Amino acid sequence: MLEMKNVYKKYKNGVTATNGIDVKIDQGEFVYIVGPSGAGKSTFIKMMYREEKPTSGTITLNGIDMGSLKNSKVPLIRRNIGVVFQDFKLLPKLNVYENVAYTLEVIEENPKNIKKKVMDTLDLVGLKHKVRMFPDELSGGEQQRVSIARSIVNQPKLVIADEPTGNLDPDTSWEIMNIFEEINTRGTTVIMATHNKTIVNTIKHRVIAIESGRIVRDEQRGDYGYEI
Ligand code: ADP
Ligand code: ADP
């Protein structure tokens, strides 16, 4: 589903964040992206959903060239990609229901389908009972559940998560991982940057390690491989 060929990303300040990346990820895979801070993990991930463009090389997602994609086509492509962040990025003035429904309203989903889709998704993440609450009334783990619900409510083929458990305590992190496992079991590709050694070494998946903008290791059922 995703292929990168010789992908370089040099930011305007002269920093080279990815330094020749070649990778293929198939539909249905669960992939951890690991490596030290500043290695280029976030840049690698941002290029997958066209938050950043490569300086050179090609990125194809389901046959579409992400680098040369017109800006006007980006929202259309993003419909098939859910993104989850470390800091949740919920809309503070909208309640739980509205935060999740917003994804569907943006893509002009038939209003008749919205309520069922939102409630089914909130059920999946275990938050059906808190639909009327606002983000600041929720714990961090609950906010991340809302954020995951928002990212999957339109049933994307790919979910990208950048350190989704980075702000959560260990117990809550495991609960959040269980949700990602369930999403993956249903056939969705999951690509997750993480520093959580215990999780990577326990829930085994493909591990891609990045250092200085290059892939230095790519193993099925790999280990985290760093001390922290
Ligand atoms: P990681 O996610 O592994 O910490 P990043 O992709 O965030 O790595 O960063 C890789 C390198 O690119 C770092 O040196 C970082 O400072 C730099 N970088 C990241 N984003 C930008 C940006 N928007 N502008 C300039 N440099 C950036
Ligand atoms: P956790 O132990 O997961 O960090 P918290 O101690 O923050 O959770 O919250 C425990 C419960 O109290 C959660 O179910 C959360 O929804 C609820 N809660 C937390 N803060 C508020 C608030 N300001 N208003 C209403 N409910 C809250």
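Higher on the page you've got the structure.
Numbers given to residues run from 1 along each chain, matching the order in which its sequence is written. The lettering of chains begins at A and the numbering of ligands begins at 1, in the order of writing. The model is predicted, so local features are restricted to residues of pLDDT at least 70 and side-chain atom pairs to those at 80 or more, both for listing and for counting; the totals for chains, interfaces and linings are taken over all residues. Only hydrogens and water are set aside when side-chain values are computed; all heavy atoms of the structure are taken into account.

### Here's the deal with the site of ligand 1
Rules: We call a residue near a molecule or strand when any one of its heavy atoms sits within 4 Å of it. Throughout this description, a polar contact denotes any pair of N or O atoms lying within 3.5 Å of each other; where both atoms belong to protein, one of them has to be capable of donating a hydrogen while the other can accept it, and for residues adjacent in sequence the pair is counted only when both atoms sit in side chains. Counting from the N terminus, the helices are DSSP H or I runs at least four residues long and the strands are E runs at least two residues long.
Neighbouring residues of ligand 1: Tyr11, Asn13, Val15, Ala17, Pro36, Ser37, Gly38, Ala39, Gly40, Lys41, Ser42 and Thr43. Contact between ligand 1 and Asn13: a nitrogen atom at 3.3 Å from a side-chain N or O atom of the residue. Contact between ligand 1 and Gly38: an oxygen atom at 2.7 Å from a main-chain N or O atom of the residue. Top element by residues in the shell around ligand 1 is helix H1 (residues 41–48). It accounts for 3 residues.

### Topic: the packing of aromatic side chains
Spelled out, the test is: Here a Phe, Tyr or Trp ring, Trp counted by its six-membered ring, pairs with any other such ring whose centre lies within 6.5 Å, and the pair is stacked when the planes are under 30 degrees apart, edge-to-face when over 60, and tilted otherwise. The classification of residues rests on relative accessible area computed with a 1.4 Å probe and restricted to protein chains. Under 20% of the type maximum is buried, over 50% is exposed, and intermediate values are partly exposed. The rule is short: NZ of Lys or CZ of Arg within 6 Å of the ring centre and within 35 degrees of the ring normal puts a charge over the ring.
This model, assessed by the stated rule, comprises 2 aromatic pairs. For the ring pair Tyr224 and Tyr226, a centre distance of 5.8 Å and an interplane angle of 75° mean the geometry is edge-to-face. A single burial state applies to Tyr224 and to Tyr226, both of which are buried. Over the ring of Phe85 we find Lys89, and its NZ or CZ is 5.1 Å from the ring centre. One residue, Arg132, lies across the ring of Tyr97, its end atom 5.7 Å from the ring centre.

### What about the site of ligand 2?
In plain terms, the rule: Here the accessible surface of atoms and residues is derived via Shrake-Rupley with a 1.4 Å probe, and residues count as covered only by protein chains that are part of the display. Just so you know the grouping, Ala, Val, Leu, Ile, Met, Phe, Trp, Tyr, Cys and Pro go in nonpolar, Asp, Glu, Lys and Arg go in charged, and all remaining residues, Gly too, go in polar.
For ligand 2, the full set of nearby residues is Lys130, Met133, Asp136, Glu137, Ser139 and Glu142. Contacts to ligand 2 include Glu137, whose backbone N or O atom sits 3.3 Å from a nitrogen atom. About the coverage of ligand 2: the protein hides 38% of its 550 Å² of free accessible area. Looking at the shell around ligand 2 residue by residue, the classes come out as 1 nonpolar, 1 polar and 4 charged.

### As for a nonpolar patch on the surface
Put simply, the rule is: The patch calculation keeps residues exceeding 30% relative accessible area without a salt bridge and links them within 9 Å when they carry like charges or within 5 Å when they are nonpolar (Val, Leu, Ile, Met, Phe, Trp, Tyr). A pairing counts as a salt bridge when a side-chain nitrogen of Lys or Arg comes within 4 Å of a carboxyl oxygen of Asp or Glu.
A cluster of nonpolar residues, Leu91, Tyr102 and Val106, forms a patch on the protein surface that exposes about 270 Å² of accessible area. Tracing the backbone shows Val106 in helix H3 (residues 96–106).

### Here we look at the side chain of Asp162
Here is the rule: The sign given to each residue is positive for Lys and Arg and negative for Asp and Glu; His and the chain ends receive no count. The contact criterion used is simple: two residues touch if any of their non-hydrogen atoms lie within 4.5 Å.
With respect to the helices and strands, the residue Asp162 is situated in strand E7 (residues 158–162). For Asp162, which is buried and forms no salt bridge, the nearest opposite charge comes from Lys46, at a distance of 6.1 Å. At a separation of 2.9 Å, a polar atom in the side chain of Asp162 contacts the side chain of Ser42. If we ignore the near neighbours within four places in the chain, the residues touching Asp162 are Ser42, Ile45, Val84, Phe85, Gln86 and Ala193.

### Some words on the sheet that holds strand E1 (residues 2–10)
To keep it simple, the criterion reads: Think of it this way: DSSP has to see at least two bridges between two strands before they count as a pair.
Across the sheet, which stays open at both edges, the 4 strands sit in the order E2-E1-E4-E5 with antiparallel pairing between neighbours. Strands at the two margins of the open sheet, each flanked by one partner only, are strand E2 (16–25) and strand E5 (64–65). Relative to E2, E1 runs antiparallel, the two sharing 7 bridges. From the neighbouring strand, Glu3 faces E2, where its bridge partner is Lys24.

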